[in-house]
Amino acid sequence: MESGTGFDTRPVSGTGIGLRSRHIGQILSERPNLPWLEVLSDNALARGGLVPAQLTAIREHYPLTLHGVGMNVGSLDPLDWDYIRRIKELASRLEVSWISEHICFTAHGGHHSHDLLPLPNTEEALHHIVRRIAEVQDFLGQQIVMENASSYISYRHSTISDGEFIGAMAEQADCHLLLDVNNAYVNQVNHGTDALELFQQLPLDRVREVHLAGYEDKQSYLLDAHNSAVSPPVWALFRELVALKPGIPTLIEWDNDIPPLAVLIEEAERANNISSPDEPGE
Amino acid sequence: MKLEELQAAFVQELIGQEQPALRSQIVPRGMSPLQRLAIYRGNGIAACRKALELIYPVCRTIVGDAFFKQLALQYIEAYPSLQPDLNVYGDAWPDFLQRSITTDTALRDLPYLADLAQLEWHYHAAYYADDDSTIDFVALQQVSTARQGDICWRCSASLAVMQSSYPLYAIWHGNRGERAMDSVPGLEEPQYLCIYRKDFELKVELIDSRSYSLLQGILEGQTMTRLLAANGAGDIDRLLPQWVQCGWICGFSLAQAPQ
């Protein structure tokens, strides 16, 4: 792998929030005390106009990370090098601390689902995604950060647990992990898995980032909706994770029915109070 | 089940093609495989519909939320997304509406809808267009007299022009709020519009037919020789300096000289 194009150029710690367009003006004018912000890569691919100008202004004041859904790493389709090249250019332009993606496939045969489609936990899928992550990392010249995805389907022919699959993937591909606690809880309810067991099976030294978000209870399943505050069971799991591995940079994700910025900042403060229990606050 | 087979079947399910082999591999656990697959189908449709709603807000205001959803579903089924970037999804919506106007009785009173959608697509594309460089006047001055006829002007990446038989500017302007306007004004002559981005601001302006013709020629990559033949020197001498000044024209290249 080549030397990094921006990895760790701007250290990230504490709890940040996902940057959403409706908050950009307020963030630029008020400069709230946030340690870092995460940009949705797929909303930031434009090379002209307001979006890149605003992001350039934001990066003057905050370390940024990139979070995407379009790299399609788990798919058997050829990698979309034009798309990945645009991500690399964006990462370089914004000097992001890291790029994260999802453990899933999003397209096949050129048809894009715009959702995170689950891979089976099989040796074949493991070997495939390991090889693809390595290809992407070689091209980007840096390690990427792969997130455990929420899902509504599990397969009969899966042979290993989520934790074993993700752990082996991270070790073999030599990538980092993004542990989404909400996704772990959604999967626990949807599939009867054990989120805490997932945490215990993962190589936590490779976990570079934690996501916290809200789900929507659809009665028969939980939808990973990112449209509400972090729920009590997810906070409880976050406490368990902090006990296992404190100090992992954490992010509040809220993508739909987006509330005022102050609400996101309150959520971030709550996460900080859990992850830094010695400091006054909670 | 092999990974290739699984992924192909999954995507087929998302576009409504039943795949028994995949369904048999899905753990039911309180919900049928069909119900579980329907969650993904619903999520994908919602993502594409949201993209269409963001790109075509005025069309949505005019036809109403419920009918827009119905049209969007038909469109999404006919035009699967082929790119990871949802900002480029929906470019065929104007053509889709044009066909729907002739087949869907509910759209017969809205003959201008396809033109309106085209305007909204240009407006959306202008927002995301690349920034422009400024014209290289030194290089321009160095073009020899013999090669001046080979100059091809380059328009701003955000600029598009269109013509319509409907009072499109008034329709677009009057329906940008939450409520549709009560009536559509009449129009006796075709209308010509220019859509572009100036700094960070999106603009829609009425232009005259001669400006439209000249801009259309430039956007098609016509050489100065062809532009002069089609539009006359008067228009070009009058309009080009203005357009360079306002940024509509931001560069040039030289067509290959004839052998």
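Residues numbered from 1 in each chain as written. Chains lettered and ligands numbered in written order. Predicted model: local features only at pLDDT ≥ 70, side-chain atom pairs only at ≥ 80, totals over all residues.

1. Side note on the interface of chain B and chain A
Interfaces are often described in size by the accessible area the parts lose on coming together.
Next, step 1: On the side of chain A, 38 residues touch chain B, which itself brings 38 residues to the contact.
Next, step 2: Those elements that provide at least two residues to the side of chain B that touches chain A are helix 1 (3–14), helix 3 (33–55) and helix 7 (113–128) of chain B.
Next, step 3: Counting residues per element, the side of chain B that touches chain A draws most heavily on helix 1 of chain B, which supplies eight residues.
Next, step 4: A per-class count over the side of chain B that touches chain A returns 23 nonpolar, seven polar and eight charged. (Contact = placed C-beta atoms within 7 Å. Helix = DSSP H or I, 4+ residues; strand = E, 2+ residues; numbered from the N terminus. Nonpolar A, V, L, I, M, F, W, Y, C, P; charged D, E, K, R; others polar.)

2. A few points about the domain arrangement of chain B
Residues and elements named next belong to chain B.
Next, step 1: Each domain of chain B was delimited in the assignment, giving domain 1 (1–128) and domain 2 (129–259).
Next, step 2: The C-alpha centroid of domain 2 is placed 33 Å from the C-alpha centroid of domain 1.
Next, step 3: Residue assignment for the side of domain 1 that touches domain 2 shows that the elements contributing at least two residues are helix 4 (57–63) and helix 7.
Next, step 4: A per-element tally of the side of domain 1 that touches domain 2 places helix 7 first, with 10 residues.
Next, step 5: The residue makeup of the side of domain 1 that touches domain 2, split by class, is 10 nonpolar, three polar and one charged. (Domains from an automatic or database assignment.)

3. Examining the sheet that holds strand 2 (residues 37–40) of chain A
Residue and element names in this part refer to chain A.
Next, step 1: The eight strands are arranged 1-2-3-4-7-8-9-12 in a closed barrel whose pairing can be described as parallel. For this sheet, the mean inter-axis angle between neighbouring strands, taken without regard to orientation, is 30 degrees.
Next, step 2: As defined by bridge partners, strand 4 (residues 99–102) adjoins strand 7 (residues 145–147) across three bridges and the pair is classed as parallel. In the strand pairing of strand 7, Glu101 is matched with Met146. (Pairing = 2+ DSSP bridges. Axes fitted to C-alpha atoms, helices over the stretch in contact; angles between N-to-C directions.)

4. Some words on the packing of helix 10 (residues 209–219) of chain B against helix 12 (residues 233–246) of chain B
Residue and element names in this part refer to chain B.
Next, step 1: In contact at an axis separation of 11 Å, helix 10 and helix 12 are set at 80 degrees when each is read in the N-to-C sense. One way to sum up the angle between helix 10 and helix 12 is to call them roughly perpendicular. From helix 10, Arg210, Ser211 and Leu214 reach across to helix 12, where they touch Asp235, Ile236 and Leu239. (Parallel < 35°, antiparallel > 145°, perpendicular 65-115°, else oblique.)

5. Quick word on the nonpolar core
Next, step 1: Counting 142 residues, the largest nonpolar core has Val181 of chain A together with Leu116 of chain B as the members making the most contacts within it.
Next, step 2: Ranked by residues supplied to this core, first place goes to helix 7 of chain B with nine residues.
Next, step 3: In contact with Val181 of chain A, not counting residues within four places along its chain, are Val210, His211, Leu212, Val234, Leu237, Phe238 and Leu241 of chain A. (Core = buried A, V, L, I, M, F, W, Y, C linked by C-beta atoms within 7 Å. Buried ≥ 20, exposed ≤ 12 C-beta atoms within 10 Å, placed from the backbone.)

6. Here's the deal with the sheet that holds strand 3 (residues 191–198) of chain B
Residue and element names in this part refer to chain B.
Next, step 1: Across the sheet, three strands lie side by side as 2-3-4; this open sheet has antiparallel pairing. If you trace the sheet from one side to the other, it starts and ends with strand 2 (160–164) and strand 4 (201–207), each paired once. Across this sheet, the average inter-strand angle for adjacent strands is 25 degrees, counted without regard to direction.
Next, step 2: The pairing of strand 3 with strand 4 spans seven bridges and is antiparallel.

7. Observations concerning the pairing of strand 4 of chain A
All names here are of chain A.
Next, step 1: Of the two faces of strand 4, both are covered, the one formed by Ile99 and Glu101 as well as the one formed by Ser100 and His102.
Next, step 2: In the sheet, strand 3 (residues 64–67) pairs with strand 4 via two bridges, with the strands oriented parallel. When the bridges of strand 4 are listed, His67 appears paired with Ser100.
Next, step 3: Once you follow strand 3 into helix 3 (residues 81–94) and on to strand 4, the crossover reads as right-handed. (Right-handed = clockwise from strand over helix to strand, strands pointing away.)

8. Looking at the environment of Asp109 of chain B
Residue and element names in this part refer to chain B.
Next, step 1: Mapped onto the elements, Asp109 comes out in the loop between helix 6 (93–103) and helix 7.
Next, step 2: Asp109 sits in the exposed class, given 10 other C-beta atoms within 10 Å.
Next, step 3: Distance in space between the C-alpha atoms of Asp109 and Arg176 is 19 Å, their sequence separation being 67 residues.

9. Quick notes on the confidence of the model for chain A
Next, step 1: Mean pLDDT over chain A works out to 94, with 95% of the residues at or above the 70 mark.
Next, step 2: Contacts for the low-pLDDT stretch residues 1–6 of chain A, under 50 throughout, to residues beyond four places or in other chains number 17 contacts. (pLDDT = per-residue confidence, 0-100.)

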